[in-house]
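# Remarks on the overall topology
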Amino acid sequence: MYGRKGYQLLKDFASGEKGQLKPFNSKLFDETIEECDQNHHLMQSLMRKMQQEDLDVQNSRNADHYGALIHHLSLMRNKRCLMAYVYNRAEIVRDLAWRVGLELLDLPSEIQEKLTSLEKEYFKNHSVTLKSYMGKVGIELNVDMVPPKDPYIKVRILDDIDEGIVLSDKTTNFARHSMHFLKRTDAEPYIARGQMEELTD
Amino acid sequence: MGIFKQREREIFDLMASSSEVGGSSADYETMMSTSDVELLKRAWRNEKAAPEILQYEGALVERAKEQIELVEETIEDYVENGKDPLLVSLYQMDLDRTQFLLRSYLRVRLVKIEKFMFHNLKSEEAERRLSEQERVFATKCADDLVKHFEETVLLKLPENYQSVLKQSQISEVDDMVPQPHLDTFVVCRSNNFVSLNLYEEGESPETVEMERGDLYFIRYKIVKGAIESGQIDLI
């Protein structure tokens, strides 16, 4: 039945949690593309048959015409399914760039596993575009994502960061499980990557 | 507790008098032009609530950037001269809030551009509303996405079906471009007395009349023009 694979592909995408990616389903994807090819061949052979019978391909309405029409419609539907799949995943990839960070290597490895190499390319290109805009405007746009309530917040370190942090007003050693009182703008990128957590009590 | 109250009084005195804080430009009231902050807040709220992208407030953004820089320098100055840390902290918080507004405003616009990439580049009206840099961003964003589509899907499909914007060569218009939903309902408040046509021109001319300060829950399309002219604000 034509179109079933495309439908399954989209159902696979929708069955993941909203905003989260599942691993790229290459099997279903390639099968859908094969079906498109099939549709195309069958459509062309039907059109050729009509031409051989000396019928006007555009305007005559016989069984072959309708057969070709079905193939054409199925092809378009498959194309829309495939593009919807890629487009929605790309949307989530862009979202990741905002929420987590602009460097590919900053993404946690569980997420990196789910992206194909083409999607990683797209992520890199998009980051470059964003960075160039931010550079031209002169303002960093991926800090300060939450309206500021207090300028300083209490955080607890979850991972071993040690020397890797640059703060705007002091230098401290960050051992795991230690608690600090940091400026919100300094701590935000680390919180987004899961290396620190905010203590609200 | 008593000390705290005394500090409060001191700070209020400082804010009230301009001579204490060295130079007229350092007076708290004029530190961040309040009308500009109000304008920024209004632009930010409208942008957040509207389903399509609104006119870029270039002059406002430039002024805001300059003022933020000025305040940052003043704060650094104060910290070096050992000014009262509580006062500095207040200025800092005010600065943070304004910076958040500016960043969020630009961010919301970028997200809208990303969402309706192809539509913004096709519609002249939308293109006019972008700043120069946003236009560059939108073009590059669209290029990235087209390239991604081509490599992942389109080049593997048969020839007549390889367009990004059209379903196939037979389609007469670009039928795969998502467009903003102008029919979404929004909450708005009117600043003046406004009378609007509820329906398209030529159909029954029913109008809705809004008094100053009235709140309305209405379709975006109807109030679109009034928002641009500043008569109505979105909430």
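- Chain B goes by DNA replication complex GINS protein SLD5 in an unreviewed UniProt entry, where it is assigned to Camelina sativa.
- Its UniProt record, at the heading Function (unreviewed entry), says of chain B: "The GINS complex plays an essential role in the initiation of DNA replication."
- Quoted straight from UniProt, the Sequence similarities (unreviewed entry) entry for chain B says "Belongs to the GINS4/SLD5 family."

- Going by the annotation in an unreviewed UniProt entry, the name recorded for chain A is Probable DNA replication complex GINS protein PSF1 isoform X2, with Camelina sativa given as the source organism.
- Listed in UniProt under the heading Subcellular location (unreviewed entry), the comment for chain A reads: "Nucleus".
- According to the UniProt record, the Sequence similarities (unreviewed entry) comment for chain A is "Belongs to the GINS1/PSF1 family."

### So, the overall build of chain B
- Helices and strands together make up the secondary structure of chain B, namely 9 helices and 5 strands.
- Starting at the N terminus and walking to the C terminus, you meet the elements of chain B as α-α-α-α-α-α-α-α-β-β-β-β-α-β.
- Long-range pairs, those at least 24 residues apart, make up 62% of the contacts in chain B with a sequence separation of at least 6.
- Looking at chain B as shown, the accessible area adds up to about 13100 Å², and 50% of this sits on carbon and sulfur atoms.

### Describing the overall build of chain A
- A tally of helices and strands in chain A yields 6 helices and 3 strands.
- Put simply, chain A runs from its N terminus to its C terminus through helices and strands in the order α-α-α-α-α-β-β-α-β.
- Out of the 201 residues in chain A, the part that is buried amounts to 43%.
- Long-range pairs, those at least 24 residues apart, make up 62% of the contacts in chain A between residues at least 6 apart in sequence.
- When the accessible area of chain A is evaluated, it comes to approximately 11300 Å², of which 51% is carbon and sulfur surface.

### Topic: the sheet that holds strand 1 (residues 185-190) of chain B
All names here are of chain B.
- Pairing is antiparallel in the open sheet, where 3 strands are placed in the order 4-1-5. Each end of this open sheet is capped by a strand with a single partner; those strands are strand 4 (215-219) and strand 5 (232-234). Each strand axis lies, on average, 40° off the axis of its neighbour in the sheet, ignoring direction.
- Pairing geometry for strand 1 and strand 5, over 3 bridges, is antiparallel. Paired with Ser190 across the bridge in strand 5 is Ile232.
- Across the face of the sheet, helix 9 (residues 220-228) comes into contact with strand 1, strand 4 and strand 5 while running at roughly 115° to strand 4.

### As for the interface of chain B and chain A
- Across the contact, 43 residues belong to chain B and 42 residues belong to chain A.
- In this assembly, chain B packs against chain A so that about 4200 Å² is buried in total across both faces, 69% of it on carbon and sulfur atoms.
- Of all residues in chain B, Arg103, Arg107 and Tyr161 of chain B bury the most surface against chain A, accounting for 15% of the area lost on that side.
- Joining chain B to chain A, the criterion identifies 1 salt bridge.
- The partner of Glu114 of chain B in a salt bridge is Arg94 of chain A, with the nearest N and O atoms 3.6 Å apart.

### Details of the sheet that holds strand 2 (residues 179-183) of chain A
All names here are of chain A.
- Across the sheet, which stays open at both edges, the 3 strands sit in the order 2-1-3 with antiparallel pairing between neighbours. The sheet is open, and its two edges are formed by strand 2 and strand 3 (196-198), each paired on a single side. Ignoring which end each strand starts from, the neighbouring axes of this sheet average 40° apart.
- As paired elements, strand 1 (residues 152-157) and strand 3 share 3 bridges and run antiparallel to each other. Within the sheet, the bridge partner assigned to Arg156 lies in strand 3 and is Glu197.

### Here we look at a nonpolar patch on the surface
All names here are of chain B.
- A cluster of nonpolar residues, Phe185, Val187, Leu215, Phe217 and Ile235, forms a patch on the protein surface that exposes about 510 Å² of accessible area.
- Summarising the element assignment, Phe185 is placed in strand 1.
- For Phe185, a relative accessible area of 48% translates into the label partly exposed.

### Quick look at the pairing of strand 1 of chain B
All names here are of chain B.
- Here strand 1 shows a clear split, with Val186, Cys188 and Ser190 buried on one side and none of Phe185, Val187 and Arg189 buried on the other.
- As paired strands, strand 1 and strand 4 are joined by 5 bridges and run antiparallel to one another. Considered in strand 4, the bridge of Cys188 is made with Tyr216.

### Looking at a positive patch on the surface
- A cluster of basic side chains, namely Lys41, Arg45, Arg97 and Arg189 of chain B, defines a positive patch on the protein surface.
- Note that Arg97 of chain B resides in helix 5 (residues 85-115).

### Considering the nonpolar core
- Grouped together as the largest cluster of nonpolar side chains are 73 residues, with contacts concentrated most on Phe29 and Leu82 of chain A together with Leu145 and Phe149 of chain B.
- At the level of secondary structure, the elements contributing two or more residues to this core comprise helix 2 (26-52), helix 3 (63-99) and helix 5 (117-137) of chain A together with helix 3 (34-49), helix 4 (58-80), helix 5, helix 6 (117-122) and helix 8 (132-152) of chain B.
- With 14 residues, helix 3 of chain A is the largest single contributor of residues to this core.
- Those residues in contact with Leu145 of chain B, other than ones at most four positions away along the chain, are Tyr87, Ala90, Arg94 and Tyr122 of chain A together with Met117 and Phe118 of chain B.
- Membership of the second largest hydrophobic core comes to 14 residues, among which are Val186, Met210, Ile218 and Ile222 of chain B.

### Some remarks on helix 1 (residues 4-15) of chain A
- For helix 1 of chain A, built from 12 residues, the straight-helix expectation of 16 Å at 1.5 Å per residue is met to within 8% by its first-to-last C-alpha distance of 16 Å.
- Taken together, the buried residues of helix 1 of chain A touch helix 2 and helix 3 of chain A.

The rules behind each value
- Residues numbered from 1 in each chain as written.
- Chains lettered and ligands numbered in written order.
- Predicted model: local features only at pLDDT ≥ 70, side-chain atom pairs only at ≥ 80, totals over all residues.
- Heavy atoms only, no water.
- UniProt positions renumbered as here; feature names shortened; annotations may be inferred.
- Helix = DSSP H or I, 4+ residues; strand = E, 2+ residues; numbered from the N terminus.
- Contact = heavy atoms within 4.5 Å.
- Areas by Shrake-Rupley, 256 points an atom, 1.4 Å probe, with all protein chains shown as cover.
- Buried < 20%, exposed > 50% of the residue type's maximum accessible area, 1.4 Å probe, protein only.
- Pairing = 2+ DSSP bridges.
- Axes fitted to C-alpha atoms, helices over the stretch in contact; angles between N-to-C directions.
- Buried area = accessible area lost by both parts, 1.4 Å probe.
- Salt bridge = Lys/Arg side-chain N within 4 Å of Asp/Glu carboxyl O.
- Patch = residues over 30% accessible without salt bridge, like charges linked within 9 Å, V, L, I, M, F, W, Y side chains within 5 Å.
- Lys, Arg positive; Asp, Glu negative; His and termini not counted.
- Charge placed at Lys NZ, Arg CZ, Asp CG, Glu CD.
- Core = buried A, V, L, I, M, F, W, Y, C linked by side-chain atoms within 4.5 Å.
- Expected span 1.5 Å × (residues − 1).

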